[in-house]
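Survey of secondary and tertiary structure
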Amino acid sequence: MVNMGPQHPSTHGVFRMVLWVDGERIVDAEPHIGYLHRGSEKLCEGELYPQIITLFDRLDYLANYNMELAFCATVEKIMGITVPDRAEYIRVILCELNRISSHMLFYGTMGLDAGAMTPIMYGFRERERIQNLFEAVSGARMMHNYFRIGGLREDPPDDFAERVAGILPALAQGIEEGDKLLTYNEVFLARSRGIGVLSGQEALDYGLSGPSLRASGIPDDIRVIEPYSVYDRFDFDIPVGNNGDTWDRYAMRVEEMRQSLRIVEQALEQMPDDGPIKAAGVRAIPRPPEGEVYFRIETPRGEMGVYLVSDGGDKPYRLKVRPPSFANLQALRPMLRGVYIADAVMILGSLDIVLGEVDR
Amino acid sequence: MILLIPLAVVLAGLVSIVVLAIGYGGEDVALLLGKALALLSILSVVVLSLTWVERKALARIQQRMGPMRVGPYGLLQPIADGLKLLIKEDIMPAWVDRPIYWMAPLAVFVPSFMVWLTMPFSSSLVLRDMELGLLYVLAMSVLSIIGLIMAGWGSANKYGVIGGLRSAAQLISYEIPLIVIAITIAMMAGTLNLTEIATGQGNTWYVLMQPLALVIFLLAGLAEVGRSPFDIFQAESEVVGGPFIEYSGAHWSIFFLGEYINTFLVAALITIFFLGGWSGPLLPEVAWFLIKCYIVILVMFWLRGTMPRLRIDQLMAFGWQGLVPLSFLNFLMVAFAMFYGWPDWVQTVLSLTMLITASTFLYLKTASKKVRPTVRLIPAREVRRA
């Protein structure tokens with residue numbers, strides 16, 4: 001019996017799993033979650049709506065803009081607010097860039113899990129470009145608190161469009177370089193192919209979403225099947241895997257970065273140069289009408305759903321988060337049975353969990 | 001404990017005196033001790049430089065600058081690191097098996113140091129030029145396995161035990177091709193004396209006749225010192241340092257020292273066996289020897305910067321199904337060539353053919369056994385329509 005985590009370099013946070021091993025083989029595995037539980041959902045009940053945005057920043061701390069979007073869009077849905085176009089485009093650009101930066105970190109840590117130390121440096125180089133842009137836009141590199149119910153906090157810098165356009169070629173090149181470095185490396189292929197296979201039906205049964213589900217061959221992307229924001233105006237491809245193994249889950253993310261770039265390019269073209277960035281008539285402290293609503297978006301990790309019950313007050317009556325990583329993590333145990341210890345690290349890495357949203 | 005360093009020095013000194021005394025008989029003890037200490041300090045300097053070179057080389061590969069703060073171009077960084085390790089608190093978990101925990105670093109370090117008693121730096125610069133030098137080197141280098149298992153077991157840590165057992169499996173498997181290649185070289189040179197092996201090559205370095213042997217020796221050597229892509233026994237992302245998991249401060253620095261000395265040893269052996277040792281124009285012999293060693297070491301760092309790690313079963317398969325049969329084939333080839341007196345170029349051709357065949361086979365086996373995996377792209381438009 002080996003205790004892996006919560007202090008283990010490749011459990012990506014404070015995840016802990018107990019492995020029953022026979023030599024190098026894993027007989028059974030039991031994930032233990034909850035080390036990062038902060039009671040976010042309960043905290044939301046005591047905060048005013050605008051204050052909750054900061055709590056959402058801290059759920060998936062690698063995709064903060066996506067988290068903010070999930071919450072803001074939920075409240076907008078229940079209140080029936082239409083967000084101005086310019087704000088929507090800026091949101092999409094930021095979210096997609098955020099997706100790239102999140103996948104870049106995944107790419108690096110996947111390399112580390114496999115024992116290669118160079119990919120993470122490549123990943124962080126690209127992340128740095130994006131983070132600098134985020135810093136210019138929101139003033140913060142991680143906890144942005146930039147989206148508002150009905151729009152954005154403030155206009156981005158005047159040269160926002162040029163800056164985004166400026167980093168795109170570099171990002172595209174960085175993605176290709178990273179792809180060349182790791183994707184078809186013989187050792188990496190040997191380590192990741194045929195490991196942790198999930199069939200499409202199993203993946204659906206375990207409630208997987210996002211790239212981890214698409215790797216199993218199911219073209220399910222909320223940006224497409226249930227478009228939110230302005231995603232129905234873009235033309236992009238959904239990468240789908242053939243085998244549902246660790247390599248496929250990895251390759252999904254690499255390909256998604258390219259598709260995100262395409263979306264950003266199109267969004268830059270379509271974005272109106274000026275216009276309001278906040279819907280008119282939204283009070284500083286909104287009071288959504290009584291009722292309940294469920295809204296979901298596609299974060300870098302999968303389906304992020306927010307279930308909001310409002311009693312008409314300035315604070316939610318109840319707020320439930322359906323985090324993608326938590327659901328994806330459920331498939332870990334069956335995948336770990338019978339593999340080697342070294343594979344366990346790869347499989348866990350390929351699910352790309354963020355403990356901030358698993359434990360909430 | 002900081003006391004461990006002098007202890008190691010004293011132990012290494014004592015052992016080397018014993019070895020030297022057996023061979024010489026009647027030489028001045030103080031002189032021997034002095035020589036042993038000089039060797040130790042040379043090796044320490046080499047290790048310090050290696051850590052700097054490794055960090056700089058990796059940084060180069062990873063588009064970083066590496067250490068830049070301490071001294072010009074971070075040249076003094078290894079010294080700062082060493083000092084940090086020495087004055088760091090040495091944590092010993094309460095449940096360790098104390099004697100074994102204490103002995104383990106020495107059991108790794110002392111053999112790796114003693115190997116160097118007979119390693120020549122140039123045709124004249126060698127502490128003790130043994131007739132059976134090669135045998136001695138191989139015998140000594142195997143000993144460090146015990147230290148690794150002791151470290152894993154003594155730490156009373158599950159990761160340590162896994163790592164220790166991994167290291168035993170890995171090191172013993174890769175010892176075989178290493179030794180077979182060494183025997184091949186000894187056959188070609190007709191001697192076990194390392195100096196004579198190096199000088200005997202003249203201008204036709206063995207790498208020209210035995211490229212396959214060089215590749216096998218380099219790979220087995222990498223596995224032997226546990227460097228990437230064969231660093232599975234100390235895999236950071238799996239067993240978190242393996243046998244070294246519970247060690248810190250001075251204890252750990254002794255392991256570290258031993259490990260880098262071993263890395264340098266592999267590079268030096270490759271230089272002596274295949275690259276003509278210290279032969280080269282203009283520069284002094286020692287300089288050529290070090291230049292060649294560092295080039296070999298840079299190749300190792302390059303591999304480390306670009307390769308992921310193999311899994312234990314793949315590692316064992318690669319060793320037993322790949323390197324071991326190949327090394328025996330190579331051995332047979334050399335035996336035939338020497339028995340029938342084939343010219344050198346025949347060996348070169350045969351060796352290259354085998355190398356190319358083996359690598360092609362390996363490539364085909366891994367890459368196209370199944371179809372190269374790809375990603376399907378489904379346009380969002382189609383999904384929307386459906």
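Refer to the preceding data block for the structure.
Described in the following lines is the structure provided in the data block. (Residues numbered from 1 in each chain as written. Chains lettered and ligands numbered in written order. Predicted model: local features only at pLDDT ≥ 70, side-chain atom pairs only at ≥ 80, totals over all residues.)

Secondary structure assignment for chain A yields 15 helices and 9 strands. Taken over the C-alpha trace, chain A has a radius of gyration of 20 Å; the compact-globule value for 360 residues is 21 Å, and the two agree within 12%. Expressed as lengths along the three principal axes of its C-alpha atoms, the size of chain A is roughly 65 × 45 × 35 Å. Across the 360 residues that make up chain A, the buried fraction comes to 56%. In chain A, the share of contacts with a sequence separation of at least 24, taken over all contacts with a separation of at least 6, comes to 71%. (Helix = DSSP H or I, 4+ residues; strand = E, 2+ residues; numbered from the N terminus. Rg over C-alpha atoms; globule rule 2.2 N^0.38 Å. Buried ≥ 20, exposed ≤ 12 C-beta atoms within 10 Å, placed from the backbone. Contact = placed C-beta atoms within 7 Å.)

Turning our attention to the sheet that holds strand β1 (residues 2-4) of chain A. All names here are of chain A. Taking strand neighbours across the sheet as the criterion, the 3 strands line up as β1-β2-β3 in an open arrangement whose pairing is antiparallel. Among the strands making up the open sheet, the edge pair consists of β1 and β3 (25-32). Adjacent strand axes in the sheet meet at a mean angle of 25°, parallel and antiparallel pairs treated alike. (Pairing = 2+ DSSP bridges. Axes fitted to C-alpha atoms, helices over the stretch in contact; angles between N-to-C directions.)

So, on to the interface of chain A and chain B. With 44 residues of chain A in contact, the opposing surface of chain B contributes 35 residues. Looking at the side of chain A that touches chain B, the elements that each hand over two or more residues are α4 (85-114), α5 (118-138), α7 (186-192), α10 (222-225), β6 (237-240), α11 (246-270) and α14 (341-351) of chain A. Considering each element in turn, the side of chain A that touches chain B owes the most residues, 6 residues, to α7(A). Residue classes in the side of chain A that touches chain B are distributed as 24 nonpolar, 9 polar and 11 charged. The pairing of β6(A) with strand β1 (residues 376-379) of chain B spans 4 bridges and is classified as antiparallel. Each bridged residue has a counterpart across the sheet, and for A:Asp237 the counterpart in β1(B) is B:Pro379. (Nonpolar A, V, L, I, M, F, W, Y, C, P; charged D, E, K, R; others polar.)

Turning to unusual backbone geometry, a few remarks are in order. You will see that A:Asn145, though not glycine, has its phi angle at about 50°, which is positive. Considering the arrangement of structural elements, one finds A:Asn145 in the loop between α5 and β4 (147-148). The class of A:Asn145 is partly exposed, set by 17 C-beta atoms lying within 10 Å. Unusually for a residue other than glycine, B:Ala156 sits at a positive phi of about 55°. Its place among the elements puts B:Ala156 in the loop between α5 (133-154) and α6 (158-189).

This part is about the sheet that holds strand β8 (residues 302-310) of chain A. All names here are of chain A. If you walk across this open sheet you meet the 3 strands as β7-β8-β9, and the pairing is antiparallel. Edge positions in the sheet fall to β7 (291-299) and β9 (318-322), since each has one partner strand and no second. Taken pair by pair, the neighbouring strands of this sheet meet at an average axis angle of 15°, ignoring direction. The sheet contact formed by β8 and β9 spans 5 bridges and is antiparallel. Bridged to Gly305 within β9 is Arg322. Docked against the sheet, helix α3 (residues 64-79) engages β7 and β8, running at close to 150° with respect to β7.

Looking now at the packing of α4(A) against α11(A). Residues and elements named next belong to chain A. Across the interface, α4 lies against α11 with an axial gap of 9 Å and an inter-helix angle of 160°. When the interaxial angle is binned, α4 and α11 end up roughly antiparallel. Crossing hand, α4 versus α11: left-handed. Across from Tyr89, Val92, Ile93, Glu96, Leu97, Arg99, Ile100, His103, Phe106, Tyr107 and Met110 in α4, the residues of α11 making contact are Tyr250, Arg253, Val254, Glu256, Met257, Ser260, Ile263, Val264, Ala267, Leu268 and Gln270. Here the contact of α4 with α11 is built from residues that sort into 15 nonpolar, 3 polar and 4 charged. (Parallel < 35°, antiparallel > 145°, perpendicular 65-115°, else oblique. Left-handed = near helix turned anticlockwise from the far one by under 90°.)

Further remarks concern α6(B). Residue and element names in this part refer to chain B. For α6, spanning 32 residues, the distance from its first C-alpha to its last is 46 Å, which sits close to the expected 46 Å at 1.5 Å a residue. The largest bend along α6 measures about 25° and falls at Glu175, with the proline Pro177 one to four residues further on. One or two positions beyond α6, positive phi appears at Gly190, with a value near 75°. (Expected span 1.5 Å × (residues − 1). Bend = angle between axes of the 7 residues up to and from the residue.)

In this section: the nonpolar core. All names here are of chain B. Membership of the largest hydrophobic core comes to 215 residues, with the highest contact counts inside it found for Ile216 and Ile270. Top contributing element to this core by residue count: helix α10 (residues 249-274), with 17 residues. In contact with Ile270, not counting residues within four places along its chain, are Leu214, Phe217, Leu218, Gly221, Leu275 and Val296. (Core = buried A, V, L, I, M, F, W, Y, C linked by C-beta atoms within 7 Å.)

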